[in-house]
Amino acid sequence: MTFYDRRDLGLLLLRLGTGGVLVAHGTQKLFGWFGGHGIEGTGQFMESVGYRPGKASATAAGIAETGGGTLLALGLATPAAGAAAAGAMAGAAAVHTPNGFFNQSGGYEYAATLGLAATGLAVTGPGRLSLDHALGHVLDRGWMVPVALAAVAAGTAVVVGARVKRLQREAESAGGEQEALFEETTES
């Protein structure tokens, strides 16, 4: 008989909570559930914040959140699930960065917290109360963690970088300057 320890229970709770929140956010984007706007409305929002094409961006974000959240909650393919969710949250955090850190001011606090939790689960693993464990960790090998995180980081950097360049070009063509994402400081 196998006994589960505090770590296994803690990881299960963290997976269920983080995964559940991600699924709820993803299904808002994909299906309009939980007061969301579905693909059409989310696509329009994505266009307005510089992610183009908007509908494809909404679909990618919704799938990363819904799929990654579902897999995290189940504890299945945990490295890929955590990386996908973290990538989606990095994209969301990029939109909110100009508003500062705290969520009540429209900042990136919430997206960063979900992204860090998903990354932590990808690195730590799902624990013994998971499908990965039940299946002998065939989709949760040690080498998969850096590969999944590196692949998603590279893809996210390309997408977010293209968004920043697009916004800069639009600001320049409108005759103004884009608001700086980060303050520049000079040392004397």
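Structure first, text after, so check above.
Within each chain, residue numbers correspond to sequence positions counted from 1 in written order. Local features in a predicted model are, by the rule used here, given only for residues with pLDDT of at least 70; side-chain atom pairs are given and counted only at 80 or more, and totals for whole chains, interfaces and linings are based on all residues. Calculation of side-chain values draws on the structure's entire complement of heavy atoms; hydrogens and water are dropped beforehand.

1. Some details on the overall build of the protein
Secondary structure is summarised from DSSP: a helix means a run of H or I of at least four residues, a strand means a run of E of at least two, and numbering begins at the N terminus for each. Within the protein, the regular secondary structure consists of seven helices and zero strands. Order of helices (α) and strands (β) in the protein, N terminus to C terminus: α-α-α-α-α-α-α. Projecting the C-alpha coordinates of the protein onto the three principal axes gives extents of approximately 70 × 50 × 30 Å. For the protein, buried positions account for 39% of its 188 residues. When checking whether two residues touch, look at their non-hydrogen atoms; a contact exists if any pair is within 4.5 Å. The long-range fraction of contacts in the protein, counting pairs at least 24 apart against all pairs at least 6 apart in sequence, stands at 65%. All accessibility values rest on the Shrake-Rupley procedure with a 1.4 Å probe; residue burial counts only the protein chains present in the view. Put simply, the protein shows about 10,600 Å² of open surface, and 64% of that area lies on carbon and sulfur atoms. Seen as two clouds, the 12 positive and the 15 negative side-chain charges of the protein have centres 9 Å apart. Each residue is assigned to one of three classes by its accessible area relative to the maximum for its type, calculated with a 1.4 Å probe on protein chains only: buried under 20%, partly exposed between the two thresholds, exposed over 50%. His is not counted, nor are the chain ends; Lys and Arg add positive charge and Asp and Glu add negative charge. Charge coordinates come from a single atom per side chain, which is NZ of Lys, CZ of Arg, CG of Asp or CD of Glu.

2. Some points on the side chain of Ser 57
On the secondary structure map, Ser 57 appears in helix 3 (residues 54-74). Residue classification places Ser 57 among the buried residues on the basis of a relative accessible area of 17%. Those residues in contact with Ser 57, other than ones at most four positions away along the chain, are Met 46, Tyr 51 and Arg 52.

3. Considering the environment of Pro 146
The residue Pro 146 is located in helix 7 (residues 144-173) in this model. Judged by relative accessible area, which is 49%, Pro 146 ranks as partly exposed. Sequence-wise, Pro 146 and Glu 47 are 99 residues apart; in three dimensions their C-alpha atoms are separated by 31 Å.

4. Some remarks on a nonpolar patch on the surface
The grouping of Leu 74, Leu 131, Leu 135, Val 138 and Leu 139 at the surface amounts to a nonpolar patch, some 410 Å² of accessible area in total. Tracing the backbone shows Val 138 in the loop between helix 6 (131-134) and helix 7. Only residues above 30% relative accessible area that lack a salt bridge enter a patch, with like-charged residues linked at up to 9 Å and the nonpolar side chains Val, Leu, Ile, Met, Phe, Trp and Tyr linked at up to 5 Å. What counts as a salt bridge is simple: a side-chain nitrogen of Lys or Arg found within 4 Å of a carboxyl oxygen of Asp or Glu.

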